[in-house]
Amino acid sequence: MSDSPAIPSNFIHQIIREDLKNNKNDGRVHTRFPPEPNGYLHIGHAKSICLNFSTANEFKGLCNLRFDDTNPEKEDMEYVDSIRESIRWLGFDWEDRQYYASDYFDKLYEFAGELIKQGKAYVCSLNQDQAREYRGTLTKPGKNSPDRDRSVDENLDLFNRMKDGEFDDGDYTLRAKIDMASPNMNMRDPVIYRIRRAEHHQTGNKWCIYPMYDYTHCISDALEDITHSLCTLEFEDHRPLYDWVLDQLESLPHPRQIEFARLNINYTVMSKRKLKQLVDEGLVDGWDDPRMPTLDGMRRRGYTPVSIRNFCEMVGVTKANSVVDVGMLEHSLRDDLDKTSPRAMCVLNPLKVVIENYPEDKIDVLTLPKHPKDESMGNREIPFRREVWIDRADFEEVPPPGFKRLVTGGEVRLRGSYVIKCEEVIKDNNGEIMELRATYDAATLGARPEGRKVKGVIHWVSVQDALDVEVRLYDRLFNCENPDAAEGDYRDYINPDSLVVKTGCKAEPTMADAAHEERFQFEREGYFCVDRKNSAPDKPVFNLTVTLRDTWAKKSN
RNA sequence: UGGGGUGUCGCCAAGUGGUAAGGCAACGGACUCUGACUCCGUCAUUCGUAGGUUCGAAUCCUACCACCCCAGCCA
């Protein structure tokens, strides 16, 4: 993390500094990251993870991991495992402080009893439709439930029987008694417990009643002695309820909820529902498809944890809804990858070049640095022979102005090797270029050619030594800036070219022992990562993480 | 037409009454055996709009406008 910039200040840090100055919480700062285990983590969650963990770190405090698991029907152990793995991969550590809201089900039940005894909660028999009717609308106040004035004893008895499974799902709910005329819908006697006969991934069949988010979250925070409960903007309206619950329960501390804007990035979707749909409908290759904005997907794509953390710091923390340009993410990615990736050569669209004045049995074993600026990475040895592959895009019979690669009769430098000159173009009957004939200048190895300058440098791989690899070229999943807001269905905007699989690519032989998740820069192309799932020693698979910046392509467009 | 929020360069974002940071992008240029990296330079007389207070306002006041969130027994 040494290359991470200092954590920039934000409004939340300012609030915390103020709290500290006023001696709140004995100078303690304790945050938590509270995912619901109902899906995989995505880059939006990374913002929250970074915020919570780095805020704790900044103020020498702690950050807990807590699974907000109050809705067993949607949650699954598969998700808790992947969430834990993703947070660790990002580089954060909750030490021994992993909790589940379900750890508190017993206490939550007791506190509910306390609320009932205080006359602050009641068992309601309204069904869902009736409840909706009684709730009123945004502009019309609601009506009191006919059960609102049930006696404490009766409420206690009914609530107990709800727990004991005497009723069917939906027969009763436990509601907080607040104000059916409140302009804040959340305060119109919100449901805090519902009957749901569902097996829970943590508590099994112990419960048939489950507490609601608003009631659970604040109490969980309090029980863990959280000082600052950071959440997203849509919970701003829930803060009065968060505070109300804790105000009734005097034995508990009272954390402060602070809301910030979630992260949005253009050319992608971020809602769990849509991501799940992409997976379920087979529009992508699973939650960890390299095109997905999930942390698992980004990991497989080749993103580094550092690049994601830096990005989160770069975008800042505010209360203003915003959409960050994906270019910022890519900048942060390239920035890290450039420093950390060893270089290699790989020809994506092979075109054979025969160097006619280079003897057939001759071989040069060239020593090239793994990184142009970082000697500590060491060197690699690359064989050079009479026949080499170059990329078809690096040769033009009719070059556009400014083209500085290989042309008929022209010269080009083979990266780290000799300068060659194209002598002849060999085509098939259809006029398709099959092969190039060239000559090389033996005096140009590690030296400038005499009496002329050669501007172009292209990458190459010896034909005889080349390693055949599969390369998966990924591009943005959507070809529209904001698929959510665009006309029609967001799936209509899936980029058909978001994945292009290339087989028979020619990699330099050193790639033979590349390990899963190992990252390289294929010079002049981009950064690539060995696929952690599908790559095998006899069938290497490289994923394009991100291309190099290409000002030439930009100009020629 | 209730309530809660937010509006500073194309995109993020500092700024908290003293005369608009920074990053991304873009555009010039230098360097270069990666058209990469790096480096240098340019890029808001103006802060949603209109008034007002003040010697002085993006910052304070008033009104208006735009956008986001809320009517799950989801989180």
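Residues numbered from 1 in each chain as written. Chains lettered and ligands numbered in written order. Predicted model: local features only at pLDDT ≥ 70, side-chain atom pairs only at ≥ 80, totals over all residues. Heavy atoms only, no water.

### Overview of helix α1 (residues 11–21)
Alright, step 1. Residues of α1 that are buried: Ile12, His13, Ile16 and Asp19. Along the axis of α1, the buried residues cluster in a sector spanning 120 degrees; they form a single face.
Alright, step 2. Where α1 is buried, its residues meet α2 (43–58), β8 (228–232) and β9 (256–260).
Alright, step 3. A positive backbone phi angle near 60 degrees is found at Asn23, which sits one or two residues after α1. (Buried < 20%, exposed > 50% of the residue type's maximum accessible area, 1.4 Å probe, protein only. Helix = DSSP H or I, 4+ residues; strand = E, 2+ residues; numbered from the N terminus. Arc of directions from axis to C-beta. Contact = heavy atoms within 4.5 Å.)

### Some thoughts on the nonpolar core
Alright, step 1. In this structure, Phe159, Leu174, Tyr193, Ile209, Tyr215 and Ile219 are the most contacted members of the largest nonpolar core, which totals 37 residues.
Alright, step 2. Looking at this core, the elements with two or more residues in it are α4 (105–117), β4 (121–124), α6 (152–163), β5 (173–176), β6 (191–195), β7 (209–211), α7 (213–223) and α8 (239–248).
Alright, step 3. It is α4 that provides the largest number of residues to this core, a total of seven residues.
Alright, step 4. Setting aside its immediate chain neighbours within four residues, Ile219 contacts Leu108, Phe111, Val245, Leu246, Leu249 and Leu252.
Alright, step 5. Ile49, Ala56, Leu295 and Val324 belong to the second largest nonpolar core, which has 35 residues in total. (Core = buried A, V, L, I, M, F, W, Y, C linked by side-chain atoms within 4.5 Å.)

### As for the domain arrangement of chain A
Alright, step 1. In terms of domain boundaries, chain A breaks down into domain 1 (11–260), domain 2 (272–340 + 469–556) and domain 3 (346–465).
Alright, step 2. For domain 1 versus domain 3, the distance between C-alpha centres works out to 64 Å. (Domains from an automatic or database assignment.)

### Remarks on the side chain of His217
Alright, step 1. Its location among the elements puts His217 in helix α7.
Alright, step 2. There is a polar contact of 2.8 Å between the side chain of His217 and the side chain of Asp68.
Alright, step 3. Apart from residues no more than four positions distant in its own chain, His217 is found in contact with Arg32, Pro34, Arg66, Asp68, Ser229 and Tyr242. (Polar contact = N/O pair within 3.5 Å; in protein donor to acceptor, adjacent residues only side chain to side chain.)

### As for the confidence of the model for chain A
Low-pLDDT portions of the prediction should not be read for the details of their coordinates.
Alright, step 1. Across chain A, the average pLDDT comes to 96, with 98% of residues at 70 or higher.
Alright, step 2. In the predicted structure, residues 1–6 sits below a pLDDT of 50 and forms 10 contacts with residues beyond four places in sequence or in another chain.
Alright, step 3. Across the predicted assembly, pTM comes out at 0.96 and ipTM at 0.97. (pLDDT = per-residue confidence, 0-100.)

### Here we look at α6
Alright, step 1. Counted at 1.5 Å a residue, the expected span for α6 with its 12 residues is 16 Å, and the 16 Å between its end C-alpha atoms agrees.
Alright, step 2. Tucked inside the fold, the buried residues of α6 contact α4, β4, β5, β6 and β7.
Alright, step 3. Positive backbone phi, at 80 degrees, marks Gly165, one or two positions downstream of α6. (Expected span 1.5 Å × (residues − 1).)

### Digging into the protein's contact with RNA strand B
Alright, step 1. Around RNA strand B, 66 residues are found, and the nearest of them are Arg343, Lys373, Arg405, Arg415 and Lys554.
Alright, step 2. A share of 64% is what sugar and phosphate atoms reach among the atoms of RNA strand B within 4 Å of the protein.
Alright, step 3. Note that a phosphate oxygen of RNA strand B is positioned 2.7 Å from one of the side-chain N or O atoms of Arg135.
Alright, step 4. Contact distances for RNA strand B include 2.9 Å between a sugar or linking oxygen and a backbone N or O atom of Val315.
Alright, step 5. Elements that contribute at least two residues to the surface near RNA strand B include exactly α5 (128–135), β6, α11 (305–315), α12 (326–340) and α13 (551–556).
Alright, step 6. For the surface near RNA strand B, the element with the most residues is α12, which contributes four residues.
Alright, step 7. Partitioning the surface near RNA strand B into residue classes produces 20 nonpolar, 23 polar and 23 charged. (Near = heavy atom within 4 Å. Nonpolar A, V, L, I, M, F, W, Y, C, P; charged D, E, K, R; others polar.)

### A word on the pattern of salt bridges
Alright, step 1. Per the stated rule, a full pass over the model turns up 52 salt bridges.
Alright, step 2. Two residues, Arg300 and Asp531, come together in a salt bridge whose shortest N-O distance is 3.0 Å. One end of the pair, Arg300, is in helix α10 (residues 295–301); the other, Asp531, is in the loop between β26 (526–530) and β27 (541–547), with 231 residues separating them in the sequence. Taken as a pair, Arg300 and Asp531 share a single burial class, namely buried.
Alright, step 3. Of the charged contacts, one joins Lys352 and Glu387 as a salt bridge, the two residues approaching to 3.7 Å between their closest N and O atoms. Here Glu387 lies in strand β15 (residues 387–391) and Lys352 lies in strand β12 (residues 350–355), a separation of 35 residues in the sequence.
Alright, step 4. Under the relative-accessibility criterion, Lys352 is labelled partly exposed at 22%.
Alright, step 5. A single network of salt bridges, built from pairs that share partners, joins Asp288, Arg300, Glu470, Arg472, Asp531, Lys533 and Lys539. (Salt bridge = Lys/Arg side-chain N within 4 Å of Asp/Glu carboxyl O.)

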